[in-house]
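Chain by chain, the residues:
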Amino acid sequence: MAKPIIMTIDDEPHVLNAIARDLQAHYQKDYRIVKASSGTEALETVQEFKRRNDPIALLLADQRMPAMSGTEFLEEAIKLYPETKRVLLTAYADTDAAIASINAIGLDYYLMKPWDPPEERLYPVLDDLLSDWLASVRVPYDGIRVAGTLWSASSHNVKEFLARSQIPYQWLDIEKDIEALGLVEATSDGRPQLPMIFFPDGSALVDPDLRTLAEKVGMSTKPRQPFYDLIIIGAGPAGLGGAVYGASEGLRTVVIDKDAAGGQAGTSARIENYLGFPLGISGADLTRRATTQAQRLGAEILTAHEVTGLRVEGPYKFVTLQDGSELSCHALVIATGVKVRELRVPGIEDFVGGSVYYGAATSEAVHYKDKKVVVIGGANSAGQGAMFLSRFASEVKVLIRKDSLQASMSRYLIDQIEATENISLVVNTEVTAVEGKDRLEAITITNSKSGESKKEPVDAVFIFIGAVPHTGVVEGVVELDEAGFIYTGQDLIRDGKRPKNWKLRRDPFLLETSVPGIFAAGDVRHGVIRRVASAVGQGAVAVSLVHKYLETV
Ligand SMILES: Cc1cc2nc3c(=O)[nH]c(=O)nc-3n(C[C@H](O)[C@H](O)[C@H](O)COP(=O)(O)OP(=O)(O)OC[C@H]3O[C@@H](n4cnc5c(N)ncnc54)[C@H](O)[C@@H]3O)c2cc1C
C-alpha cells in the first residue's frame, strides 16, 4: 500500500505551514503530509487521490476559510473517503460550529488553536485517531477500476473486453457502493456517463471505445508494418491456430480481431473436449496460452480493430480497418467465425448487455449470485453456460424448443445438467414477451404444444440460439452460401466448373475461397463441424495451403 495521506487545509499560510511542520516532524516516516490553502483546492486534490485510489488517513481542516468552510469541505470529502478520520481546527469562537459538526458529518475531533505544545495537545489525539483508522482500513485496490451499473450495456462491454484480454480490474457498482458513486460524480461534473474507468496513474476514461481502452492498457493496437505475407482476420481458435503456424514457419503474420482475442471459445467457461486437457480448460486460459505462443513465435496480434473492407488488386489483398487505415498482404485467411443469432422478441434489445446477454457472459455470472436466471438454447454452448451459471444463481432454467436435449447436446453435458440440482429443463417452449423497467423483470414462456403462456419472474437471460456467420465484410468478394457461410475448395466446383472469374489452371485448394490466395478457416466455412479442435486444425492447414499458393505467385 502507498503511504497513507494526512492532509491539512488552512487559508492562512503561517498557520498552514506551522501545522504541516508539526505533522512532518512526527508522522513523515509513515504518512505523506499534504497541504492545501483552500477548501476547493483541497477537494480537487482529494478527488485526484480517489481516482488513483490513494488512501487518506486523516483530514485536518480549519473551520474558518472563505468560500468553503472546514465543515463544508469535510462534508464533501467524506463522500469519497467515508472512513477517513476528520478533525476540525477551530478558534474558541467556532466551538458551536465544531460541536454541530460532530453530528452532521461525524467529526472525530475538534482541535483548538493554538495546539502548542504538540506533544501534549496534537500528537496524542492524532495518534489515537490514526491507530483507529489503521485498524479498520481496507487495503485499497491499486489496479484498474471500472465503475458503472450492472444494467448498462457499455459497462458490460468494457468488463467483457478486459476479462477476455486477461486484464485484472475491480468492478465498482455505483448502485451499491456509495464511495464509487461519489467518485463518479466528482469526476463527471454531476452528469455521469458510464462506465468510468480509473487507472492507477490517476487518469480516467469515460465510456471509451474498445481501441482507446486497449491502447490505454498497453495492448498492441497499431500494426508494425503496412505489408505482411499473411493477414488473418479473426483471432478465435482458427485465427490463432493460423498465427502460430504462419509465424513459426517464417511468414510475416498479423492477426486482427475487432474484439479481444479468443473468439467464441474465449467466452467458454470450460472446454472439456479439446485434446491434451484431461480436466478441461477455460476459454480464457486457452486464449492466454495461444496468444502467448503466437506472439512468442513472432505473430502480431491486433485487437479492438474491426476489419471493415476487403479488396483485391492483382495478387495483393488489401484490408481496411475501422479507423480508415489499410494493410496489404500476399495471402489472407478469413477466420471470422460466427456470432450468436439474435432472439427476436419485441423490446428485448433494450436489455441487451444488462440482464440479457448473448453467450456465456462469464464476467457477469458472478453478479447473479442467488438469483433466478434463464438459459435459452439446447446446444453444447447453452449446456456449458447453464453449468457455469449454476455455480452462482439459485435457479437456472434451460428453455428449449425441442422436446429433449438428446439431438443437440453432448451426452457428458446432459449428464452434468441432470445431476445439477439447481438446473431445470423446460421443453417445447419459446420466449414470447419480456418486461421490465430499467432491467429485465419477467419473461413470458409459451408452450408450443399446448399454446399455454406463463409469466416467469427472472433476473437475467443468457441466450445461445444458433449462429450466424460474420461475413458482412467479405460479401461480394468471395462466394457465400445462402446463409452467408464461405464456400471453399471442392464446394466451389459446380457441374465440373470452377468459380466465376477464377483464372488459374488449377482447382481451388481445400480451404481456398473463390479468390486465389484468400482462404477461410473455422466456423465461418460452409458445412464445417464447429469445434475448437476443428477450427485450430483448419488454421494450421490453411497456412500449409498459403505456402503452396505463395509458390505460385
Ligand atoms: C459458449 C461456447 C462454448 C463452446 N464450447 C465448445 C467446446 O467445449 N468444445 C468445442 O469444441 N467447441 C466449443 N464451442 C465452439 C467453438 O468455440 C467454436 O467452434 C470456435 O471458437 C470457432 O473458432 P473460429 O476461430 O472459427 O471462430 P470464432 O471463435 O467465432 O472467432 C472469430 C473471431 O473473429 C472476429 N471477427 C469477426 N468479424 C471480424 C471483423 N470484421 N474484423 C475483425 N475481427 C472479426 C471475432 O471477434 C472473433 O473473435 C463453443 C462455443 C461457444 C460460443
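The structure this text deals with has already been given above.
Residues numbered from 1 in each chain as written. Predicted model: local features only at pLDDT ≥ 70, side-chain atom pairs only at ≥ 80, totals over all residues. Heavy atoms only, no water.

Enquirer: Residue-level account of the pairing of strand β6 (residues 144–148), with values.
Expert: Of all five residues making up β6, five are buried, and the element is well covered by its neighbours. Here β6 shows two buried faces, one formed by Ile144, Val146 and Gly148 and the other by Arg145 and Ala147. Taken together, β6, helix α7 (residues 153–164) and strand β7 (residues 169–173) constitute a β-α-β crossover, and its handedness is right-handed. Of the strand pairs in this sheet, β6 and strand β8 (residues 196–198) are connected by three bridges, and their pairing is antiparallel. When the bridges of β8 are listed, valine 146 appears paired with isoleucine 197. (Buried < 20%, exposed > 50% of the residue type's maximum accessible area, 1.4 Å probe, protein only. Helix = DSSP H or I, 4+ residues; strand = E, 2+ residues; numbered from the N terminus. Right-handed = clockwise from strand over helix to strand, strands pointing away. Pairing = 2+ DSSP bridges.)

Enquirer: So what about the packing of helix α10 (residues 237–248) against helix α11 (residues 283–296)? Which residues, and what values?
Expert: It is at 8 Å that the axes of α10 and α11 come closest, and there the two elements cross at 25 degrees. The angle between α10 and α11 places the two elements in the roughly parallel class. The interaxial crossing formed by α10 with α11 has left-handed handedness. Across the interface between the two elements, Leu240, Ala243, Val244 and Ala247 of α10 pack against Ala290, Thr291, Gln293 and Ala294 of α11. A class-by-class count of the residues in the contact of α10 with α11 yields six nonpolar, two polar and no charged. (Axes fitted to C-alpha atoms, helices over the stretch in contact; angles between N-to-C directions. Parallel < 35°, antiparallel > 145°, perpendicular 65-115°, else oblique. Left-handed = near helix turned anticlockwise from the far one by under 90°. Contact = heavy atoms within 4.5 Å. Nonpolar A, V, L, I, M, F, W, Y, C, P; charged D, E, K, R; others polar.)

Enquirer: Let's hear about the side chain of lysine 397: which residues, and what values?
Expert: Here lysine 397 lies in strand β19 (residues 395–399). Within the structure, lysine 397 has its side chain in polar contact with the side chain of glutamate 456 (distance 3.0 Å). When neighbours within four sequence positions are excluded, lysine 397 is seen to be in contact with Val373, Val374, Val375, Ser424, Val426 and Glu456. (Polar contact = N/O pair within 3.5 Å; in protein donor to acceptor, adjacent residues only side chain to side chain.)

Enquirer: Any details on the layout of surface pockets? Residues and values, ideally.
Expert: Taken as a whole, the second largest pocket spans an internal volume of roughly 450 Å³. When residues in the lining of the second largest pocket are grouped by element, the largest group, three residues, is from helix α8 (residues 178–187). Partitioning the lining of the second largest pocket into residue classes produces 12 nonpolar, three polar and seven charged. (1 Å grid on protein atoms, 1.4 Å probe; cavity = no way out; pocket = protein on both sides within 12 Å on 5 of 7 lines; lining within 4 Å. Points joined across faces, edges and corners; volume = space filled by probe spheres on them.)

Enquirer: Any details on α11? Residues and values, ideally.
Expert: Between its first and last C-alpha, α11 extends 20 Å over 14 residues, near the 20 Å set by a 1.5 Å rise per residue. Buried within α11 are the following residues: Gly283, Leu286, Thr287, Ala290, Thr291 and Ala294. Buried residues in α11, looked at end-on, bunch into an arc of 125 degrees, giving them a common side. Packing partners of the buried residues in α11 comprise α10, β12 (300–302) and α15 (532–550). (Expected span 1.5 Å × (residues − 1). Arc of directions from axis to C-beta.)

Enquirer: Please give an account of the packing of aromatic side chains that cites residues and values.
Expert: Per the stated rule, a full pass over the model turns up nine aromatic pairs. Judged by centre distance (5.9 Å) and plane angle (75 degrees), the rings of phenylalanine 227 and tyrosine 316 are edge-to-face. Pair noted here: phenylalanine 227 is in strand β10 (residues 227–233) and tyrosine 316 is in strand β14 (residues 316–321), with a separation of 89 residues, a long-range link. In this structure tyrosine 316 comes out as partly exposed when scored by relative accessible area, which is 36%. Centroid distance tyrosine 357 to phenylalanine 462: 5.1 Å. Interplanar angle 25 degrees. Geometry classified as stacked. Of this pair, tyrosine 357 sits in strand β17 (residues 356–358) while phenylalanine 462 sits in strand β24 (residues 460–463), and the two are 105 residues apart along the sequence. Judged by relative accessible area, phenylalanine 462 falls into the buried class, the value being 0%. (Phe/Tyr/Trp six-rings, centres within 6.5 Å; stacked < 30°, edge-to-face > 60°.)

Enquirer: Go over the nonpolar core, please, and point to the residues and values.
Expert: Counting 33 residues, the largest nonpolar core has Met7, Ile9, Val46, Ile56, Leu59, Phe73 and Leu74 as the members making the most contacts within it. Among the secondary structure elements, those contributing two or more residues to this core are β1 (5–9), β2 (32–36), α2 (39–52), β3 (56–62), α3 (70–80), α8 and β8. In terms of residues, this core owes the most to one element, α3, which gives five residues. Discounting chain neighbours no more than four positions away, the residues touching methionine 7 are Val34, Ala36, Ala42, Thr45, Val46, Leu58, Leu59 and Leu60. Core analysis: the next-biggest nonpolar cluster, separate from the first, contains 29 residues, Ala243, Ala299, Ala542 and Leu545 among them. (Core = buried A, V, L, I, M, F, W, Y, C linked by side-chain atoms within 4.5 Å.)

Enquirer: I'd like a description of the site of the ligand, backed by residues and values.
Expert: The ligand sits among 33 residues. The nearest are Asp257, Gln264, Asn273, Gln384 and Val532. Residue asparagine 273 places a side-chain N or O atom 2.8 Å away from a nitrogen atom belonging to the ligand. Taking 1,000 Å² as the accessible area of the ligand by itself, protein coverage stands at 94%. Class assignment for the residues of the shell around the ligand results in 12 nonpolar, 14 polar and seven charged. (Near = heavy atom within 4 Å. Areas by Shrake-Rupley, 256 points an atom, 1.4 Å probe, with all protein chains shown as cover.)

Enquirer: Go over unusual backbone geometry with me, naming the residues and quoting the values.
Expert: Residue proline 114 follows lysine 113 across a cis peptide bond; omega there is -15 degrees. Mapped onto the secondary structure, proline 114 falls in the loop between β5 (109–112) and α5 (118–121). One non-glycine residue, asparagine 53, adopts positive backbone phi at about 65 degrees. The class of asparagine 53 is buried, set by a relative accessible area of 13%. The backbone phi angle of aspartate 495 is positive, close to 50 degrees, even though this residue is not glycine.

Enquirer: Could you give me a rundown of helix α14 (residues 411–418), with the residues and numbers involved?
Expert: The set of residues buried in α14 consists of Leu413, Ile414 and Ile417. The buried residues of α14 occupy one face: seen down the axis, they fall within an arc of 100 degrees. Those residues of α14 hidden inside the fold are in contact with α13 (380–389) and β20 (423–426).

Enquirer: Describe the sheet that holds β8, with residues and values.
Expert: Consider a sheet: its strands pair through backbone hydrogen bonds, and that pairing is either parallel or antiparallel. Strands sit in the order β7-β6-β8-β9 across an open sheet of four strands; the sheet is mixed. Each end of this open sheet is capped by a strand with a single partner; those strands are β7 and β9 (204–206). On average, each strand axis in the sheet is inclined to that of its neighbour by 20 degrees, with strand direction left out of account. Set on the sheet, α7 makes contact with β6, β7 and β8; between it and β7 the angle comes to about 165 degrees. Against the sheet, α8 contacts β6, β7, β8 and β9, and its axis sits at roughly 100 degrees relative to β8.

Enquirer: Explain the environment of glutamate 272 residue by residue, including any values.
Expert: Mapped onto the elements of the fold, glutamate 272 is located in the loop between β11 (253–256) and α11. Sequence separation between glutamate 272 and glycine 436 is 164 residues, and the spatial gap between their C-alpha atoms is 36 Å. Here glutamine 416 takes part through its side chain, which lies 3.2 Å from a polar atom of the side chain of glutamate 272.

Enquirer: Got a sec to walk through empty space enclosed by the protein? Specific residues and values, please.
Expert: Counted according to the given criterion, the structure contains two cavities of 30 Å³ or more. Here the largest cavity is characterised by a volume of approximately 40 Å³. Lining the largest cavity are Lys372, Val373, Val374, Glu395, Lys397, Glu456, Pro457 and Val458. It is strand β18 (residues 372–376) that provides the largest number of residues to the lining of the largest cavity, a total of three residues. Looking at the lining of the largest cavity, its residues break down into four nonpolar, no polar and four charged. Taken as a whole, the second largest cavity encloses approximately 30 Å³ of empty space. If you go around the second largest cavity, the residues you meet are Leu343, Ile348, Val356, Ile376, Val431, Val434, Leu440, Ile443 and Val461. Going through the elements one at a time, β21 (429–436) and β22 (440–447) are the ones with two or more residues in the lining of the second largest cavity. Of the residues assigned to the lining of the second largest cavity, the class counts are nine nonpolar, no polar and no charged.

Any functional reading would require information that these geometric values do not contain.
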